[in-house]
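Examination of the molecular architecture
Here are the chains, one letter per residue:
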Amino acid sequence: MSKGIKINSVTAREFFFFLLLTTIVATLIKLSKTYSTEYEVALSVTDVPLDRTIQTIIPELVKIQAEGSGFSLLTNALDAPEVAIPYEQLQRVSNREFTFDTNENQQVIKSVINGELSIIAMTPSQITITIDSVASKKVPVISKASLLYKSGYGGRNKMTIVPDSVTVVGPSSLLLNIEAIPTEQKEITNINTDLSNSVLLSLDGLPDELKVSHKSITFHQEIAKFTEGKITVPINVLNDPGKRVKILPKTAEIIYLVELEDFESITPSDFLVTCDYATANNADAYLTLSIAREPKGVKSVRLINKQVKFIVVN
């Protein structure tokens, strides 16, 4: 029968204690030595006037080569330092462009890192900051909604959008090319009752620096039942002072859509169809017809024949 090896518990505790102590001492010796390293410091600008906005900081990070004890390097490794540059300390180059010299402001940068570190080098030597004025611009909303009506139905009047315009706020340079804001695509089919729907604005293409007063709009459309009508209207000849122009035929047929409830009220006198002798071409014996007047509420008005033949009587 084999015998197991017995380990004195006191001896084991002493062994692990001395092992731990040796490790700690070795670590402290290493941390006390001087090392060099390179790390990055983020930049930001503070105390910017309310009517100004930061557009770009190039570059946004400053690379710093520093040396110090392992303790100081370890402290900075645990933090992500950021330098907050006061607006007043920037050097103005133009109305929009400013600079910040990192070499001349080493103390400002060093203030965010461990004070025991020595800065050996810093790149770049100059930071370029673009600060634009904050402006606002009111632009119209363009609806991208597609309305498909049930057969026999249509919009009673023009679709209304609420609000029909929005205010865009941001750097003035970015507002120059903003002429309108579209809605997202939306399709509604088989419509036969009044509509009141919300749709989001399409803002994905806008720069992040721009803010819009509304995220969505509501469009309203009154719906009515329509019917098709056909009517015969006399043709008026323009620019014929001597009444010498004779046309054939003398009437024009018009096809139109109108609300069912207004169908009986439409008369030929509500329309005015004309042709203009001043546009006559000697090589052509025809004059073009046009609808000069139509009653309110009538939609999709069209002429069956678009020309008439004419002769000039001496």
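Shown above is the structure to which this text applies.
As a starting point, this report considers the structure included with it. Only a predicted model underlies this, so the values are computations on that prediction, with no experimental measurement involved.

What counts and what doesn't
Residues numbered from 1 in each chain as written. Predicted model: local features only at pLDDT ≥ 70, side-chain atom pairs only at ≥ 80, totals over all residues. Heavy atoms only, no water. Helix = DSSP H or I, 4+ residues; strand = E, 2+ residues; numbered from the N terminus. Buried < 20%, exposed > 50% of the residue type's maximum accessible area, 1.4 Å probe, protein only. Contact = heavy atoms within 4.5 Å. Areas by Shrake-Rupley, 256 points an atom, 1.4 Å probe, with all protein chains shown as cover. Salt bridge = Lys/Arg side-chain N within 4 Å of Asp/Glu carboxyl O. Pairing = 2+ DSSP bridges. Axes fitted to C-alpha atoms, helices over the stretch in contact; angles between N-to-C directions.

**Quick word on the overall build of the protein**
Counting secondary structure elements, the protein contains four helices and 24 strands. Split into buried and exposed, the 314 residues of the protein put 30% on the buried side. Long-range contacts, defined here as pairs at least 24 residues apart, represent 73% of the contacts in the protein between residues at least 6 apart. Put simply, the protein shows about 20,000 Å² of open surface, and 52% of that area lies on carbon and sulfur atoms.

**Observations concerning the pattern of salt bridges**
One pass over the structure, following the stated rule, counts five salt bridges. Here K137 makes a salt bridge to E179, at a shortest N to O gap of 3.7 Å. Within this pair, whereas K137 is found in strand β8 (residues 126-142), its partner E179 is found in the loop between α4 (172-175) and β13 (181-182), the two being separated by 42 residues in sequence. By relative accessible area, K137 is classed as partly exposed at 24%.

**Some thoughts on the sheet that holds strand β15 (residues 195-200)**
Within a sheet, adjacent strands bond to each other through the backbone by hydrogen bonds, running parallel or antiparallel. The sheet built from three strands is open, its strands ordered β11-β17-β15 with antiparallel pairing. Lying at the two open borders of the sheet, with one neighbouring strand each, are β11 (160-162) and β15. In this sheet, neighbouring strand axes are inclined to one another by 25 degrees on average, regardless of whether the strands run parallel or antiparallel. Bridge analysis of β15 against strand β17 (residues 216-221) gives six bridges, and the strand direction is antiparallel. In the sheet register, V199 faces β17, and the bridge partner there is I217.

**A few points about the side chain of T99**
Along the chain, T99 turns up in strand β6 (residues 97-101). With a relative accessible area of 10%, T99 lands in the buried category.

**So, the pairing of strand β18 (residues 223-238)**
On a regular strand, each side chain points to the face opposite its neighbour's, so the side chains alternate between the two faces of the sheet. Judged from the three bridges that link them, strand β10 (residues 153-155) and β18 form a sheet pairing that is antiparallel. Residue pairing across strands places G154 opposite A224, the latter belonging to β18. The pairing of β18 with strand β20 (residues 251-259) spans nine bridges and is classified as antiparallel. Bridge pairing links T232 to E253 in β20. Alignment of β18 against strand β21 (residues 272-276), held across four bridges, turns out to be parallel.

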